[in-house]
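Results of the structural survey
One-letter residues, chain by chain:
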Amino acid sequence: MSFSIGVVANPASGKDVRRLVARASVFGNREKAAIVARAITGAVNAGGRSFAYVDDSHNIAASAMQILPACCSVRKVEGVKTATSLDTVRGAEALSKLDCVATMILGGDGTNRAFVKGWRDAVLLPVSTGTNNVFPRFAEATVAGAALGVLASGGVYPEEVVEPVKIIDIEIEDEDPDIALIDAVVTSDGFIGSRALLDAGAIRKVLLTRAEPAAVGMTSVGGLLMPLTAEEDNGLMLETSETGTRINAPIAPGMFQTIRIAEVSKVPFDQQVAVEGPCVLAFDGERERVIKHGQKVFMSVSRRGPGVLNIEKTMRLAAQRQLFKVVE
């Protein structure tokens, strides 16, 4: 039996304001379609026979699906096409109703966050095509697709190759809750504006699931002080002040800024971090929520988020089991 492989391609990823104010590269939709096509080729050659994709506004996934051989089936999930993150949220909700064993997502941290908002316990294979690419994996799409095909065809079991990841839950007084996959940042901003988090001087607190010194974004600030891996069962809290330790960190591609950190501390799972407005909250690199004066916010880290397919482990098991051996 072959389970379906989901595909989501975000046309807007890799194209925000950080191309103007920083030195982030542009990731074109033609290249995204080529990535999907390579992944599909890998999946089919590994035994994948069923696919489902969210119909995006630029027909990225749809154009790639045209290469599928006749032995494969494909289902289209109609997208709402608002040119906002809602497209990804609704697409995830629709895919959750199908038998997708895992979903490949083309985008950055924000795209993956939007998908998880729509389908929290999904199994993901996130491929980097965004600006902040801490959560997605840098992987050749052909091999990433092959790993998806091995999983979909039953060559490996989810419990062998799917790793649960950390997530930040954000409870907001009198409003809908929210989530973040890498960082939740409290800023002194009064409005959302262009969404991108580019002013280090406005940052008050940062809660991280990972602190990676070799990455870009808020995770690098924590990583250059106290590295925290994805495997460690806690989060990391940073608090700023005018007299804190000066850290020069890459907060966006091609952009370093100095931020003063007064305190760094590890936060156990499920321990609440309290915040009170007025402030603006940024999640995974983008300002999202305006918090009113006196409004309370509680944030906590856990491992009750989605799972991510481990490509390397999947392909090692496939080799050990000789799943790609051609029988004469």
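Above: the structure in question.
Keep in mind it's a predicted model, so treat the numbers as computed, not measured.

1. A closer look at the sheet that holds strand E9 (residues 183-187)
Strand order in the open sheet formed by six strands is E12-E11-E10-E9-E14-E15, with antiparallel pairing between adjacent strands. Two strands bound the open sheet, and with one partner strand each, they are strand E12 (255-268) and strand E15 (286-291). Between one strand and the next, the sheet's axes are offset by a mean angle of 30°, whatever the strand orientation. Both E9 and strand E10 (residues 203-208) contribute to a ladder of five bridges, which runs antiparallel. The partner of Val185 across the bridge, within E10, is Val206.

2. Section: the environment of Ala202
With respect to the helices and strands, the residue Ala202 is situated in the loop between E9 and E10. Given the relative accessible area of 4%, Ala202 is considered buried. When neighbours within four sequence positions are excluded, Ala202 is seen to be in contact with Val186, Thr187, Ser188 and Asp189.

3. Observations concerning the pairing of strand E2 (residues 50-55)
The side chains of a regular strand alternate between both faces of the sheet. Counting buried positions along E2 gives six out of six residues, so the element sits mostly inside the fold. Pairing of strand E1 (residues 4-9) with E2, which is carried by four bridges, proceeds in the parallel orientation. Residue Ser4 lies in a different strand from E2, and its bridge partner there is Ser50. Bridge analysis of E2 against strand E3 (residues 73-78) gives six bridges, and the strand direction is parallel. Paired with Tyr53 across the bridge in E3 is Lys76. In terms of handedness, the path from E2 via helix H3 (residues 60-65) over to E3 forms a crossover that is right-handed.

4. Things to note about the sheet that holds strand E7 (residues 167-172)
Spatial ordering of the open sheet is given by E8-E7-E16-E13, a layout of four strands whose pairing is antiparallel. Single-partner strands in this sheet number two, and they are strand E8 (178-180) and strand E13 (273-276). Neighbour-to-neighbour, the strand axes of the sheet open up by a mean angle of 25°, direction not taken into account. Sheet strands in contact with helix H5 (residues 109-118) are E7 and E8, and its direction is about 140° off that of E8.

5. Concerning the pattern of salt bridges
On inspection of all chains with the given rule, the structure shows 22 salt bridges. The closest approach of N and O atoms between Arg38 and Glu140, which form a salt bridge, is 3.2 Å. Linking Arg38 in helix H2 (residues 29-45) with Glu140 in the loop between strand E5 (123-128) and helix H6 (141-152), this pair joins segments that are 102 residues apart in sequence. Among the salt bridges present, the one from Glu276 reaches Lys296, with a minimum N-O distance of 4.0 Å. On the criterion of sequence distance, the pair formed by Glu276 in strand E13 and Lys296 in strand E16 (residues 296-302) is long-range, its members being 20 residues apart. Taken together, the salt bridges that share partners define one network made up of Arg113, Lys117, Glu175, Asp178, Glu288, Arg289 and Lys292.

6. Considering the packing of aromatic side chains
Applying the stated criterion to the full structure yields one aromatic pair. Ring centres of Phe115 and Trp119 lie 6.0 Å apart, and the angle between their planes is 40°; this geometry places the pair in the tilted category. You'll find Phe115 and Trp119 in the same group, each marked buried.

7. Observations regarding the pairing of E9
Among the five residues of E9, five are classified as buried, and the element is accordingly described as predominantly covered. Going residue by residue along E9, you find Asp183, Val185 and Thr187 tucked away on one face and Ala184 and Val186 tucked away on the opposite face as well. Relative to strand E14 (residues 279-283), E9 is paired through four bridges, and the arrangement is antiparallel. Across the sheet, the residue bridging to Val186 is Leu281, located in E14.

Parameters and conventions
- Residues numbered from 1 in each chain as written.
- Predicted model: local features only at pLDDT ≥ 70, side-chain atom pairs only at ≥ 80, totals over all residues.
- Heavy atoms only, no water.
- Pairing = 2+ DSSP bridges.
- Helix = DSSP H or I, 4+ residues; strand = E, 2+ residues; numbered from the N terminus.
- Axes fitted to C-alpha atoms, helices over the stretch in contact; angles between N-to-C directions.
- Buried < 20%, exposed > 50% of the residue type's maximum accessible area, 1.4 Å probe, protein only.
- Contact = heavy atoms within 4.5 Å.
- Right-handed = clockwise from strand over helix to strand, strands pointing away.
- Salt bridge = Lys/Arg side-chain N within 4 Å of Asp/Glu carboxyl O.
- Phe/Tyr/Trp six-rings, centres within 6.5 Å; stacked < 30°, edge-to-face > 60°.

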